[in-house]
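Coordinate analysis (summary)
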Amino acid sequence: MQGGWVGTHPERGHRLRGTLPPTGDGPVRKTHVLIVGSGIAGLACARALTQRGVDDLALLDLEDQAGGNSRGHTLGGLPCPLGAHYLPLPGAQAREVNELLHDLGLARQHLGRTEWDERHLCHSPQERLFIDGQWHEGLLPPAETPSALAQYRRFSQLVDDAQRNMGFAMPSRRAPWTAYHDALDGQTFATMLDNDGLDAPRLRWYLDYCCRDDFGADAATVSAWAGLHYFASRHGFHAPGDETAEREPVLTWPEGNGWLAARIAAPLRDCIHLGRTVLRVSEGRHGVDVVAWNEATQAPERWVARAVVMATPLFISARLLASPPEALRGLTQPHAPWLTANLQLREPLLQRPGAPPAWDNVRYGSMALGYVDARHQALDPTPRAPLLTAYVALPEAQRGALLSQPWQHWARVVMDDLAGTHPDLPAKVERIDLCRFGHAMSIPVPGLRGSPALAALNDTRGRVVFAHSDLAGYSVFEEAYTAGRLASQRLSL
Ligand SMILES: Cc1cc2nc3c(=O)[nH]c(=O)nc-3n(C[C@H](O)[C@H](O)[C@H](O)COP(=O)(O)OP(=O)(O)OC[C@H]3O[C@@H](n4cnc5c(N)ncnc54)[C@H](O)[C@@H]3O)c2cc1C
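Figured I'd write up the structure that's included with this text. Nothing here was measured: the structure is a model prediction, and the numbers come from that model. (Residues numbered from 1 in each chain as written. Predicted model: local features only at pLDDT ≥ 70, side-chain atom pairs only at ≥ 80, totals over all residues. Heavy atoms only, no water.)

Positionally, serine 233 belongs in the loop between helix H8 (224–232) and strand S11 (250–252). Residue serine 233 is classed as buried on the basis of its relative accessible area, which comes to 12%. Within the structure, the side chain of serine 233 is placed 2.6 Å from the backbone oxygen of histidine 229, a separation counted as a polar contact. Every residue in contact with serine 233, bar those within four places of it in the chain, is listed here: Phe168, Ala169, Met170 and Leu228. (Helix = DSSP H or I, 4+ residues; strand = E, 2+ residues; numbered from the N terminus. Buried < 20%, exposed > 50% of the residue type's maximum accessible area, 1.4 Å probe, protein only. Polar contact = N/O pair within 3.5 Å; in protein donor to acceptor, adjacent residues only side chain to side chain. Contact = heavy atoms within 4.5 Å.)

Two faces belong to every sheet, and in a regular strand the side chains alternate between them. For strand S16 (residues 335–345), the buried fraction is high: ten of the eleven residues fall into the buried class. Sheet analysis places S16 next to strand S19 (residues 387–393), joined by seven bridges and oriented antiparallel. Paired with tryptophan 338 across the two strands is alanine 393, which belongs to S19. (Pairing = 2+ DSSP bridges.)

Let us now look at the packing of aromatic side chains. In this description, an aromatic ring pair is defined by two values, namely the gap between the centres and the angle between the planes. Scanning the model with the defined rule gives 18 aromatic pairs in all. Between the aromatic rings of phenylalanine 155 and phenylalanine 237, the centroid separation amounts to 5.0 Å while the plane-to-plane angle is 80°, which identifies the pairing as edge-to-face. Taken together, the residues phenylalanine 155 in helix H4 (residues 146–165) and phenylalanine 237 in the loop between H8 and S11 connect sequence positions 82 residues apart. Of the residues examined, phenylalanine 155 reaches a relative accessible area of 0% and is grouped as buried. Given a relative accessible area of 3%, phenylalanine 237 falls into the buried group. Joined through ring pairs, the aromatic side chains of Tyr152, Phe155, Trp177, Phe189, Tyr206, Phe215, Trp225, Tyr230, Phe231, Phe237 and Tyr474 make up one cluster. (Phe/Tyr/Trp six-rings, centres within 6.5 Å; stacked < 30°, edge-to-face > 60°.)

We now examine the nonpolar core. Ranked by size, the top nonpolar core spans 89 residues in total, and within it Phe155, Val281 and Val308 carry the most contacts. Sorting elements by how many residues they give to this core places helix H7 (residues 201–215) first, with eight residues. Setting aside residues up to four positions removed in sequence, phenylalanine 155 forms contacts with Phe189, Leu193, Leu198, Leu203, Leu207, Phe231 and Phe237. (Core = buried A, V, L, I, M, F, W, Y, C linked by side-chain atoms within 4.5 Å.)

Written out as structure tokens, the structure reads:
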């Protein structure tokens with residue numbers, strides 16, 4: 001079997017750990033606005049600035065491709081995701097995201113309604129779960145007993161009440177924040193569920209799975225605010241047999257959200273400087289000095305900007321800034337390590353009984369998050385062997401092993417897990433490309449979302465501002481994109 005690490009360069013980010021290299025006296029490059037990081041937040045900020053006529057921009061990113069956690073990859077000539085792979089249809093509160101999707105031609109207004117381009121809505125069947133020796137449609141496990149079913153219904157009612165009485169929104173900054181939200185933020189989701197007597201094992205497995213899938217950590221780690229927000233800000237929770245339940249439509253592409261990142265980045269291509277690891281950002285009297293390491297020439301680069309947007313994870317911004325604000329120094333924000341694996345297969349997999357292959361395929365009880373099929377959304381009807389993308393959110397304690405163990409070790413971990421549903425898979429893998437994200441996404445632990453430090457960083461104005469999904473306390477496209485757009489308005493130009 002062939003394979004290897006792709007997509008990220010941990011050694012580049014880890015330059016920040018040691019003594020910084022000498023900056024030299026080379027030429028200084030000037031720009032009006034410099035954006036550190038070309039993830040979705042950095043790209044959104046650049047897009048907003050150019051729309052306002054600010055064209056003298058530079059985006060610096062340490063990787064060789066823009067898009068951060070939302071990049072695509074190619075394996076065997078076919079597109080597949082490296083990280084983020086879908087976007088639920090946005091609600092009315094996601095104004096900025098709606099505007100983007102209309103601009104990209106994914107949506108249009110017709111007779112007062114939004115119509116979506118069917119080619120980019122996830123094709124059917126969307127999801128299936130392997131449980132009790134067969135595949136079931138959807139990811140919610142069937143309830144094991146009538147009393148378990150009653151718990152599913154009680155949780156559904158709890159989410160409905162939260163939606164109606166408290167207010168949840170996507171992006172989360174558009175929802176109110178009250179003493180009740182604060183109380184939820186002060187406890188773990190698992191504690192809340194225990195106190196409500198919601199202990200049916202299959203329900204708890206599903207809620208745990210949802211938390212690991214969206215937040216990179218389980219219900220015992222994330223806050224009750226985060227656990228409820230997952231359902232109440234979007235599609236709700238529908239107990240089995242709920243007649244009103246509809247399939248949650250999502251936008252997805254063979255290369256995942258890399259499709260979106262590439263389209264936002266395309267008009268900015270002249271401003272994007274890749275393979276530039278920013279090492280230092282110092283605010284002076286007349287401008288902001290930035291030192292970056294050029295990974296191609298292995299030499300430092302000096303920049304001076306009128307204003308700088310820190311579109312990097314907040315713990316990185318804290319290291320980069322010569323004088324970080326008090327709120328940044330006081331912030332403790334854990335990040336979940338993630339691993340993704342793209343598997344090119346020689347031939348189709350044998351199928352177990354039950355629901356047919358879907359876009360998203362998950363095994364009940366698995367420590368991993370299942371796999372999506374990059375070919376599912378392809379419009380080209382030519383039959384080809386499958387290309388699967390497997391997702392694993394790891395406990396923080398395994399970050400060291402993610403860095404130190406060879407790719408073959410992690411390939412085995414992924415394949416052993418997938419063999420639980422497809423015993424024939426290991427023998428059919430032609431190539432496996434693994435991508436590791438040591439600090440993939442903020443975990444919304446109790447106390448983080450409602451912390452004064454996060455509120456202060458969301459409101460920072462001046463010549464250095466912050467733009468990253470970390471500002472929401474957790475990471476999804478809508479939070480990143482909105483954070484980037486709003487940062488452009490807080491910048492003193
Ligand atoms: C495996 C995985 C799957 C996901 N799936 C989904 C999904 O399906 N849907 C969804 O909505 N969200 C998903 N997410 C969440 C995803 O993080 C967000 O959607 C979004 O991409 C975050 O964008 P961002 O700009 O906030 O952050 P990032 O993507 O973290 O961008 C930060 C950028 O800063 C750069 N950078 C860091 N340090 C430096 C430095 N010193 N110098 C220069 N550049 C630097 C990084 O290289 C990166 O490009 C997923 C995340 C992961 C990891």
